[in-house]
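Per-entry structural report
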Amino acid sequence: MNRCLDGAFKGQEPLTGTSLLGVFTFLTTFSRACDAAGLTHGQALPLLAFRLSGASKRAFSSALNSKTGHRTYAIRTYGVAIIWLLAKYATDSGMASAYHGIITMRQPDGKSPTAVGLRVETQCDRLDLLFHAQVVKDVFINGLSEIV
């Protein structure tokens with residue numbers, strides 16, 4: 001079943017935990033891949049670990065195998081796993097930092113407006129469409145160079 005997900009993940013790095021907001025792109029891709037492969041939530045839960053790497057994989061495996069009470073595992077369902085990943089990697093401070101980074105972007109001298117626009121879209125994509133480039137576009141008018 002894990003091989004069914006390979007196509008959706010071509011060119012995408014596994015979630016390592018180094019890019020805190022990379023969890024949004026990862027979860028969106030994982031969800032789409034599972035839907036396309038026809039996997040159930042029960043089948044998706046164990047496959048999550050195969051798409052993680054590094055510190056992220058170690059933390060998830062540890063949480064998956066830890067017990068919260070008398071023989072009850074902390075992560076028992078796909079939904080709880082998603083909530084755990086979001087709580088760990090999309091923290092309030094991380095979200096606030098990403099939002100601040102987007103709204104304070106400026107056009108450096110010598111950079112074209114197109115290059116700045118691509119930078120904005122890339123940052124918005126990191127948040128996987130939580131902030132649409134069109135919605136924040138007006139903020140950047142103040143950040144464009146005087147020539148523009």
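Just so it is clear, the structure is predicted and the values come from calculations on it, not from any experiment. (Residues numbered from 1 in each chain as written. Predicted model: local features only at pLDDT ≥ 70, side-chain atom pairs only at ≥ 80, totals over all residues. Heavy atoms only, no water.)

1. Structural notes on the overall build of the chain
For clarity, the threshold we go by: Helix and strand assignments follow DSSP, with helices taken as H or I runs no shorter than four residues and strands as E runs no shorter than two, numbered in order from the N terminus. Remark: exposure states derive from per-residue accessible area (1.4 Å probe, protein chains only) relative to the maximum for the residue type, with buried under 20%, exposed over 50%, and partly exposed in between. Note on definitions: a residue-residue contact is assigned when non-hydrogen atoms from the two residues lie within 4.5 Å.
In terms of helices and strands, the chain carries seven helices and two strands. What you see in the chain, going N to C, is helices and strands ordered as α-α-α-β-β-α-α-α-α. Within the span of the chain, comprising 148 residues, buried residues form 31% of the whole. Counting only contacts in the chain whose residues sit at least 6 apart along the sequence, the fraction spanning at least 24 positions is 63%.

2. Remarks on the confidence of the model for the chain
Just so we agree on the cut-off: For every residue, the predictor assigns a confidence score, pLDDT, that lies between 0 and 100.
Summary statistics for the chain give a mean pLDDT of 76 and a share of 73% for residues scoring 70 or more. The secondary-structure element of the chain with the lowest mean pLDDT is helix H7 (residues 133-141), recorded at 62, while helix H4 (residues 78-89) shows the highest, at 88.

3. A look at the packing of helix H1 (residues 22-37) against helix H2 (residues 41-48)
Going by this rule: Lines are fitted to the C-alpha atoms to define the axes, a helix being fitted only along its stretch in contact, and any angle between axes, read from their N-to-C directions, falls within 0 to 180 degrees. Convention used here: angles under 35 degrees read as roughly parallel, angles over 145 as roughly antiparallel, angles from 65 to 115 as roughly perpendicular, and any remaining angle as oblique. By the definition used in this description, the sense in which the near helix is turned from the far one sets the handedness, with an anticlockwise turn below a right angle giving left-handed and a clockwise turn giving right-handed. In the scheme used here, Gly and all other residues not listed as nonpolar or charged are polar, with Ala, Val, Leu, Ile, Met, Phe, Trp, Tyr, Cys and Pro taken as nonpolar and Asp, Glu, Lys and Arg as charged.
Put simply, H1 and H2 touch, their axes get as near as 11 Å, and they point 135° apart. In terms of axis orientation, H1 runs oblique to H2. Considering the relative orientation of H1 and H2, their crossing is right-handed. In this structure, H1 uses Phe26, Phe30 and Cys34 to contact H2, whose residues at the interface are Ala44, Leu47 and Leu48. Class assignment of the residues belonging to the contact of H1 with H2 gives a composition of six nonpolar, no polar and no charged.

4. So, the nonpolar core
What counts is decided by this rule: We define a nonpolar core as any set of buried Ala, Val, Leu, Ile, Met, Phe, Trp, Tyr and Cys residues linked to one another through side-chain atoms lying within 4.5 Å.
One finds Val23, Leu48, Phe60 and Leu85 to be the most contacted residues of the largest nonpolar core, which totals 26 residues. Sorting the residues of this core by element identifies H1, H2, helix H3 (54-65) and H4 as the ones contributing at least two each. Looking at which element gives the most residues to this core, the answer is H1, with six residues. Not counting chain neighbours up to four residues away, the residues in contact with Leu48 comprise Phe26, Phe30, Phe60, Tyr78, Ala81, Ile82 and Leu85. Of all hydrophobic cores here, the second largest spans five residues; its members include Ile102, Met105, Val116 and Val120.

5. Let's talk about H3
The test is simple: To estimate the expected span of a helix, subtract one from its residue number and multiply by 1.5 Å. The arc refers to the directions leading from the helix axis to the C-beta atoms.
Counted at 1.5 Å a residue, the expected span for H3 with its 12 residues is 16 Å, and the 17 Å between its end C-alpha atoms agrees. Listed in full, the buried residues belonging to H3 are Ser56, Ala59, Phe60 and Ala63. Viewed end-on, H3 has its buried residues packed into an arc of 95°, placing them on one side of the element. The exposed set on the far side of H3, more than 90 degrees from its buried face, consists of Arg58 and Asn65.

6. What about H1?
Its 16 residues place the ends of H1 22 Å apart at the C-alpha level, agreeing with the 22 Å of an ideal helix rising 1.5 Å per residue. Every buried residue belonging to H1 is among Val23, Phe24, Phe26, Leu27, Thr28, Thr29, Phe30, Ala33 and Cys34, and all of these are buried. Remark: Gly38 follows H1 within two positions and exhibits a positive phi of approximately 75°.

7. A short note on the packing of H1 against H4
Where H1 meets H4, the axes come as close as 10 Å, and the angle between the chain directions of the two elements is 160°. The angle between H1 and H4 falls in the class roughly antiparallel. Crossing handedness for the pair H1 and H4: right-handed. From H1, Val23, Phe24, Phe26, Leu27, Phe30 and Ser31 reach across to H4, where they touch Tyr78, Ile82, Leu85, Leu86 and Tyr89. In the contact of H1 with H4, the residues fall into 10 nonpolar, one polar and no charged.

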